[in-house]
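Results of the structural survey
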Amino acid sequence: MQIKKQTKGKALAKAKKLGQKATINLIKEKVLLGRGGAGFPTGTKWEMVYNEPEKEKYLICNADEGEPGTFKDKFILEKNPELVIEGIKIAMFAIGAKKAFIYLRGEYEYLENRLKKLIKKANIEIVVGAGAYICGDETAILESIEGKRGQARLKPPFPTVKGLYGKPTAINNVETLANVPLAIYYKDWNPNLRLYSLSGNVTKPGIYELPLGTKLCDLIKLGKPKNKIKAIYFGCFGGCMPHCEKTKLTPDDICGKDCIHGAGTIIAVDEKHSIVDVATNIAKFYEFESCGKCTPCREGTMRILALLENISLKNADMKDLNTLQELAEVIKETSFCGLGQTSTNHLLTALKYFRKEFEERIKEQKDRRRIR
Amino acid sequence: MRIRVDNKNIEVDSNKSLLLNLKDNGINIPHLCYQEGLEPEARCRICLVEINNKLVTSCNTYPKEGMEIKTKTKRVNRARKINAELLMPEHMDKCFRLNKHHDLCNIIGDLGLKEVRFNPTRKYTADLGASVIRDNNLCINCGRCVQVCAQVQATWAIDFAGRAHHEHVTPYFEHDLNDVACIKCGQCIAACPVGAIDEREHLQEVLAALKDKTKHVVVQTAPSIRASLGEEFDMPPGTLVTGKMIAALRRCGFNKVFDTNLGADMTIMEEGTEFLTRAKNNGPFPMITTCCPGWIKFMEHFYHDLIDSNNMSTCKSPHEMLGILIKTYYAKKAKISKKDIVVVSVMPCTAKKFESTRPEMKSDVDYVLTTREAAKLINHFNIDFKNLKDEEFDPALGISTGAGAVFGATGGVMEAALRTAYEVGTGKQLTKIEFDQLRGMDGIKTGTIIIKGKEIKFAVANGLANARELMKRKDDYHFIEIMACPGGCIGGGGQPLPFAWEKIHKRMAAIYKEDARLPLRKSHENPIVQKIYKEFLDKPLSKKAHKLLHTHYYKRGL
Ligand code: SF4
Ligand code: SF4
Ligand code: SF4
Ligand code: FES
């Protein structure tokens, strides 16, 4: 695995020799794309912060991996934390930040001591989150580190201009930062290798390192599923699609099918499971994790869950499916931040590809009541 | 800059949000969480428009060259309607008052929302404070109260807690509003678009007193009421309704209608003399006014060192002064026993409700009604307010001056005090009695005046965030006036809803019109004031005046 390689400080030394600008350019040349989900070029982000006239700057390592079914950052932090710390140091040097923060997911607190030992005297502070999913959002991280309620901020200004404490701030994900030393030090560093977190109805879940463009079914085969897989969820926010032989793991192939490739999260669902139940489960997650700031997400996620519970367990009719569809669309269109905007992708795609299952469930419940 | 809106070109100001630009051009976009003068937080997601096939909130989007905006597409309408529908079930279940002053009730009509498909789920216990009450069951989480309390009042008494649909507004650690450093200014009431925060009503008690034949019920009205009460009866903001107000209150059954402006004149006599004494003794400076109970409570919480350093004046507020004069001076003259008199104050303000319950005050004001409650009372008696003939205050305590009138606006107390302090202090007449530097909406206003060869520096602040600013450099001044509410009492938390800066500007103009219209414009020229001192109190700051018209303060925690 590429991600398990070490550079032992040599990448940092090389960066220092190159100087700030050349380091940034090198990262740009090597086309290191952000691995948090959005895929923004890392070098460009650094350049934006570097170019800000403000003297005080910050770097934040986003280790708040909260997306269900995603555990690649945890894998890296467990297996190769040295690489991440070196990446942070290089990024700090490149953008000119005197201080960096690691925003560690609350559930990963057990990693804190190990990281602290590696940080030694470097000016890197670890902030442990309180377990809110919203704090994976860049701007909510800023609020949280500043000691405020974890809610998203208005953009613009973007964090690269006015971030932590109003100062220019680069926020990079763990996998991105781990790749920084590798990209700088190894000539044969492969920018296309990605970590995939595979879970769901497979017998061998785990982290798989594969190049972009690999066939999705090849990855699933590695997971050794017991039954036939019918649907793939790209995390919760990415939405789902029917499992198909042809799909390749590329943003284009998947995004073209109104799902989001995101952070390499693959959850497989087999024939034995109902999409209605999966949808209800995911809806529960969002109903719990909405930060409460804006109407559609705060009230809408709660109504979606209620409707889904009604459909799957009680007494719904076809009209409710329309309400569900309408709500899901408006939540997606009008929510304040990414959490809300993506919170109904799973449902919209499920309703598109597996609408039958919902309709059948409604009928089933009706019949059952008639028998009673 | 020009942009296209619904296929028409319009001229816009690039520093203003789309919402405001469209409003300037006569296009009203429904909105709930945005309040003029506050930073948009874009929580409600109602003010949607369509740009480039995307829905955006217009309150926090700014125009860009060549922008194409659609405000009426099906998609826009559907999204606005659904977001409003999501807010309704909780609120609808508990709201009994379909109130035309509440933005939400107006908006659902405009959006054509006829059916709500969801059931209510909220179960909060209402926080029934002594002057401000909150019912989270009605709340739609727009955040305006939280923002006003923090940004305008710098008090931070309330904030959001909890997440997802458990998010709710609360004082810290779910305390009651009574138990935290809330100054009862009621600005959160003015901000709330749905009436989830409201005053504690005292209408029932007043109605009972009015029915009780053994009671002599007296009402007094604060300076700012005459400039705002008309709005409750659909008259344009800024209409002076002094005469109609008196006529209406008489028809409600009050035995006497007195003028708090007279109390204001008394305050000026006491406070002005207090200031002149300090000027003679070289301090302590600055002397700070105490007419505003919101500011008093704020000071007791956050700036209570001012008590020990004797910077605070000791004067009671005008309606408390008049209250005690009614129950002593007037009672004696009218030969009515004190215990048979009930004093009702109509005030712009919920803090005055709190003030009248302060233990050390042993208040002679029995009930305080806000402007809104007064309107409800008048409506209760089915009085046709608009068509009433003007009447005059009852003469016993009914003559007042322009100095008393300007108390209603920020800077007014200072202006009135300076008119009297200058003339009494120097024995000379002011050539111009309007202090233009004290008028207008600026948060902090300053100036100087020479009294007996001494340069007196004065400063005025409205809104407690501004007061905090001014307190940083308080030692530069000799005399400071502070009013808690934006614009002074004309912007008080008990004034007609909904809040709008434009209305406050118009009320202010009305106040100065009243001042200019009155034959007497300086407190010390008020014949009743002179009579009260001659017959009853001797002179300002006499022993008796001290006992009746002055008070003291407490240090409060946070
Ligand atoms: S009454 Fe004033 S201080 Fe109290 S919560 Fe409302 S705005 Fe804040
Ligand atoms: S109480 Fe009123 S102003 Fe405050 S958040 Fe609720 S609805 Fe908005
Ligand atoms: S400014 Fe007037 S209305 Fe506001 S709290 Fe003070 S006294 Fe009340
Ligand atoms: S007014 Fe714009 S989002 Fe509420």
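Before going into details, it helps to say that this report is about the structure given with it. Just so we're clear, the structure is a prediction, and the values are computed from it rather than from any experiment. (Residues numbered from 1 in each chain as written. Chains lettered and ligands numbered in written order. Predicted model: local features only at pLDDT ≥ 70, side-chain atom pairs only at ≥ 80, totals over all residues. Heavy atoms only, no water.)

Here we take up the pattern of salt bridges. Here the structure, examined in full by the defined rule, presents 66 salt bridges over all chains. Here Arg-355 of chain A and Glu-359 of chain A are joined by a salt bridge, their closest N and O atoms 3.3 Å apart. Residue Arg-355 of chain A and its partner Glu-359 of chain A are both found in helix H16 (residues 355-371); the two are separated by four residues, about one turn of the helix. Classification of Arg-355 of chain A by relative accessible area gives partly exposed; the value is 27%. With a relative accessible area of 27%, Glu-359 of chain A lands in the partly exposed category. Linking Asp-24 of chain B and Lys-16 of chain B is a salt bridge whose minimum nitrogen-to-oxygen distance equals 2.6 Å. When salt bridges that share partners are traced, they join Glu-415, Arg-419, Lys-432, Glu-434, Asp-436, Arg-439, Asp-515 and Arg-521 of chain B into one network. (Salt bridge = Lys/Arg side-chain N within 4 Å of Asp/Glu carboxyl O. Helix = DSSP H or I, 4+ residues; strand = E, 2+ residues; numbered from the N terminus. Buried < 20%, exposed > 50% of the residue type's maximum accessible area, 1.4 Å probe, protein only.)

Time to look at the interface of chain B and chain A. Between chain B and chain A, the residue contacts involve 32 residues of the former and 29 residues of the latter. Summing the contributions of chain B and of chain A, the shared interface buries around 2,700 Å²; its carbon and sulfur component is 51%. For chain B, the biggest contributors to the area lost against chain A are Arg-78, Arg-163 and His-165 of chain B; these three give 25% of the whole. Where chain B meets chain A, there are eight salt bridges. (Contact = heavy atoms within 4.5 Å. Buried area = accessible area lost by both parts, 1.4 Å probe.)

Residues and elements named next belong to chain B. In total, this model carries 15 aromatic pairs over all chains according to the counting rule given. Aromatic side chains Phe-435 and Phe-458 sit 6.5 Å apart centroid to centroid with 75° between the ring planes, which places their arrangement in the edge-to-face category. With a gap of 23 residues between them, Phe-435 in the loop between helix H15 (412-426) and strand S16 (444-451) and Phe-458 in strand S17 (residues 454-462) connect regions that are remote in the sequence. One exposure class covers both Phe-435 and Phe-458, and it is buried. Relative to Trp-501, the ring of Phe-499 has its centre 5.5 Å away and its plane inclined at 85°; by these criteria the two rings are edge-to-face. Overall, the relative accessible area of 15% leaves Phe-499 in the buried class. (Phe/Tyr/Trp six-rings, centres within 6.5 Å; stacked < 30°, edge-to-face > 60°.)

This paragraph deals with the pairing of strand S5 (residues 193-200) of chain A. The side chains of a regular strand alternate between both faces of the sheet. Residue and element names in this part refer to chain A. Counting buried positions along S5 gives seven out of eight residues, so the element sits mostly inside the fold. Both S5 and strand S6 (residues 206-211) contribute to a ladder of six bridges, which runs antiparallel. Bridge pairing in S6 links Arg-194 to Leu-210. What sits between the antiparallel neighbours S5 and S6 is a turn of five residues. Pairing geometry for S5 and strand S9 (residues 265-270), over four bridges, is parallel. (Pairing = 2+ DSSP bridges.)

All names here are of chain A. Take Arg-361: it is sitting in helix H16. Among the residues examined, Arg-361 registers a relative accessible area of 11% and is labelled buried. Apart from residues no more than four positions distant in its own chain, Arg-361 is found in contact with Ser-274, Val-276, Asp-277, Ile-311 and Ser-312.

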